[in-house]
Amino acid sequence: MSHIVAGEYRGARCSGAASAPLRSAPLRTPPRRMIASHLLAYFFTELNHDQAQKIDKYLYHMRLSEETLQEVSQRFRKEMEKGLGADTNPTASVKMLPTFVRSTPDGTEDGDFLALDLGGTNFRVLRVKVSDNGLQKVEMENQIYAIPEELMRGSGVQLFDHIAECLANFMEKLKIKDKKLPLGFTFSFPCHQTKLDESILVTWTKGFKCSSVEGKDVVSMLRKSIKKRGDFDIDIVAVVNDTVGTMMTCGYDDHNCEVGLIVGTGTNACYMEEMRHIDLVEGDEGRMCINMEWGAFGDDGVLNDIRTEFDREIDMGSLNPGKQLFEKMISGMYMGELVRLILVKMAKEGLLFGGRLTPDLLTTGHFETRYVSAIEKEKEGLQKAHEILTKLGLEPSHEDCVATHRICQIVSTRSANLCGATLAAVLRRIKENKGVDRLRSTVGVDGSVYKKHPQFARRLHKTVRKLLPDCEIRFVRSEDGSGKGAAMVTAVAYRLAAQHKARQKILEELKLSHEQLLEVKQRMRIEMEKGLGKETHAEAAVKMLPTYVCSTPDGTEKGDFLALDLGGTNFRVLLVRIRNGMRRGVEMHNKIYSIPVEIMQGTGEELFDHIVHCISDFLEYMGMKGVSLPLGFTFSFPCQQNNLDEGILLKWTKGFKATGCEGEDVVNLLKEAIHRREEFDLDVVAVVNDTVGTMMTCGYEDPYCEVGLIVGTGSNACYMEEMRNVELVEGEEGRMCVNMEWGAFGDNGCLDDIRTEFDMAVDELSLNPGKQRFEKMISGMYLGEIVRNILMDFTKRGLLFRGRISERLKTRGIFETKFLSQIESDCLALLQVRSILQHLGLETTCDDSIIVKEVCTVVARRAAQLCGAGMAAVVDKIRENRGLDFLKVTVGVDGTLYKLHPHFSTVMHETVKQLSPKCEVTFLQSEDGSGKGAALITAVACRIREAGQR
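To start, this report covers the structure provided alongside it.

1. Comments concerning the packing of helix α13 (residues 381–391) against helix α14 (residues 398–434)
Direction vectors running N to C along α13 and α14 enclose 105°, while the axes themselves pass 9 Å from each other. Between α13 and α14, the crossing angle belongs to the class labelled roughly perpendicular. Contact with α13, carried on its side by Leu382, Ala385, His386 and Leu389, involves His398, Asp400, Cys401, Val402, Thr404 and His405 of α14 and no other residues of that element. A breakdown of the residues in the contact of α13 with α14 according to their chemical character gives five nonpolar, four polar and one charged.

The following block contains the structure:
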């Protein structure tokens, strides 16, 4: 009878499937026998249904609603946070142990590895060959060795000697004793890990009791045993927990895998957490796998409201009462026992087996978890229930079998649901860590319950989907996480170490030693002397141009001045009011005008007429028509100055091509245009370079300011030199500001020994190959390009982006220097680095982001140090000029790189301090050197002129 029932019952579960034919009966007259069998089926369906409903009522507390599961998920989330916090970890029940596994496989792993797997009475030695060559392949050979009872209870030394002997035997067999292979060690006991290859045993479990191992590092014990033998040598790279091994094994085939889950005899999970959230480990960059030890969830009482009397009874009868309470509600070790306790209680209450109990049913552990799986099988479930209950000495009725089936269903469903709730909490955390709207992730799973129970996996997936509708989660079954997994952790560690070494070797060339920086400072000094000398000036790379600015502001300047600022496609006219005395200060008004392309590339007359037209408009706008004012002209193009108010244009740059200007004095061209207009007269007092303007602006605030520095798109410096050293200008008395044009330092090859292949590449593809070499190593226009070249090189060598170069990364100038500032700003999580890289079409891992950040740091640091070395040469020259043992001086600075980059200024200041210990250098940020600076130079010149007239 029972097997007919089993079949019919299956049909019946499709909600009334069996009753449908009754309704359609009038259409034709079926044979009586058929009607009878349908009636019988219908009767059994109702019976089964009633019986199931009774059980549902009886086990009401074990059936968890979606709200309850959400609540469990939220509680677990809080417990995770406790485990991660330094202050809360000691009392947290979910321990969240750092594993020091920093990265999952990327498929490029390669090599020959050994693995040891010790987690019970047997242990395994494996050889795992991982090959990449485009076809990810893993070959494995393994051997199982027994651990005799007496060794499990002997001394630790004996145990590890035995393991070493088995290892030797295995290597002998495979003829690999002469190789030094890397080894991963899966050690599935509670450990406290401090490094990837250091693991301190907390307590033995699973029947092991070896003396003097607890509290010691198991790796060093194994190393000692191997060393003592002396017949082979291996490199123990990693100690791994089986959960981590599971994640890593799946991670090799699916690079989205970042969670490992085990539901077998016990249960546990691990996942990749952001380093910045792991208080127990130094460092904020990147990720680390956390072994959650989640079986202990609830040990602090947070699950008491959903634990039932059966859970309490199981706990009381266990080896570790009050511990691993979550595991006891879920895992294979307890699932069958839960069913047994329910059957016993219902029998005692006369609800099952006619109130009969048998000694077998009353024996702990006699209802095994594999029975639960058998009874829940689709087809033969009820028949199996009948067989199993009979084996336990009972005489089950059909109703008893249906009831037992339903009890198994409820217990295993609760297990899958709880597991799904905690897993959802982990995935939700990963989603928030990544800051994405939709998470695509993979969970690697192992364990007998997940793999063998017919419904468990499906129910677990369903719960996760219900609790995380905004995530796409894939589940992958792991094959041999504890063996292959340990080898994978080792393979990844090996790959990371090899790649790190290769990258460091390349970056080494960009890291300058103190000696190298001193050398740069000395060479800059030599080049400065060449530029100042009459004989050597012509072939000097650093031109050291006289500016005819002979004094910095002294604070007595006053009056109204006009300033013009021409340095690009926009042109500014400013009115600058300088007051002295009590209300000393500068008040500015300005207006910006554009210069159309046809004028930039027309005739010189058209260009200067346009400029005068703009001045006229500005004077009218200010209500100052007809007023004659002194004027300073910031003209940021290469000029040869023969006087403060005379600047011969050497050549146009920045897209200007106006004819009839090169070789002419720009002040004359401007004066002629003013005369042509016959509207107003202006007194053009000074032609100025923006670097000098920067020094003057700061000089107005700080009388010690005698140096100007610009580090923006380009770079340049100026300083007050003794007239006696400026051989190009007559006169020995006083000082003059020298515009160094230091961007050309190195154009004669004097920096070749520190220029790298990346500097050469940037130079070759620039608009002016071979020119401005120093500028190309330090200024904003080029740093992003240097970084891009290094990233390309890394990628070609397979050290970055998994060796895949995006088309965008091949585009010149795509990696803007502002990205360096953004990537290096400390408050930035690696998330933002990733979004910048994604904008460049690069799919990156967390490790890639760290590498890109490191490259940016190295390039920007070198730029700041080189700039500092140049500056040190300047301040030391001023000190020696004046015969001082100690100089106090201020440098006025402008430029986007200096102002916006988070570390540039700090590194530069440190470098100057180290290379010029006899100078106390203060850096002052300039505001509007090219506008306000030009007016101040004009004011100083007027002050001196008036004093001369007096």
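Anyway, onward from the coordinates.
2. Some points on the sheet that holds strand β17 (residues 585–594)
Judged by pairing direction, the sheet is mixed, and its five strands sit side by side in the order β17-β16-β15-β18-β21 without closing on themselves. The sheet terminates laterally at β17 and β21 (683–688), the two strands that pair on one side only. Averaged over all pairs of adjacent strands, the angle between strand axes in this sheet comes to 20°, irrespective of strand direction. Relative to strand β16 (residues 570–579), strand β15 (residues 559–566) is paired through eight bridges, and the arrangement is antiparallel.

3. Let's talk about the sheet that holds strand β5 (residues 182–187)
Read across the sheet, five strands follow the order β4-β3-β2-β5-β8 without closing on themselves; strand pairing throughout is mixed. At either end of the open sheet lies a strand with only one pairing partner, and these are β4 (137–146) and β8 (235–240). Taken pair by pair, the neighbouring strands of this sheet meet at an average axis angle of 20°, ignoring direction. Both β5 and β8 contribute to a ladder of five bridges, which runs parallel. Following the sheet pairing, Leu183 is matched in β8 by Ile236. Contacts from helix α8 (residues 242–253) reach β3 (122–131), β4, β5 and β8, with the element oriented near 105° to β8.

4. Re the environment of Ile314
As for its placement among the helices and strands, Ile314 is situated in helix α9 (residues 309–316). Sequence separation between Ile314 and Thr249 is 65 residues, and the spatial gap between their C-alpha atoms is 34 Å. The contacts of Ile314, once residues within four sequence positions are left out, are Lys328, Tyr334, Glu337, Leu338 and Leu341.

5. As for the pairing of β15
The side chains of a regular strand alternate, residue by residue, between the two faces of the sheet. The element β15 is extensively covered by neighbouring structure, given that six of its eight residues are classed as buried. The antiparallel pairing of β15 with β16 creates a hairpin that spans three residues between the two strands. Examined bridge by bridge, β15 and strand β18 (residues 630–635) share five bridges and lie parallel to one another. Directly across from Leu564, in β18, lies its bridge partner Phe633.

6. Concerning the environment of Gly332
In this structure, Gly332 sits in helix α11 (residues 332–348). For the pair Gly332 and Glu149, spaced 183 residues apart in the sequence, the C-alpha separation amounts to 25 Å. Leaving out residues up to four positions away in the same chain, Gly332 has contacts with Gly264, Thr265, Thr369 and Val449.

Calculation notes
- Residues numbered from 1 in each chain as written.
- Predicted model: local features only at pLDDT ≥ 70, side-chain atom pairs only at ≥ 80, totals over all residues.
- Heavy atoms only, no water.
- Axes fitted to C-alpha atoms, helices over the stretch in contact; angles between N-to-C directions.
- Helix = DSSP H or I, 4+ residues; strand = E, 2+ residues; numbered from the N terminus.
- Parallel < 35°, antiparallel > 145°, perpendicular 65-115°, else oblique.
- Contact = heavy atoms within 4.5 Å.
- Nonpolar A, V, L, I, M, F, W, Y, C, P; charged D, E, K, R; others polar.
- Pairing = 2+ DSSP bridges.
- Buried < 20%, exposed > 50% of the residue type's maximum accessible area, 1.4 Å probe, protein only.

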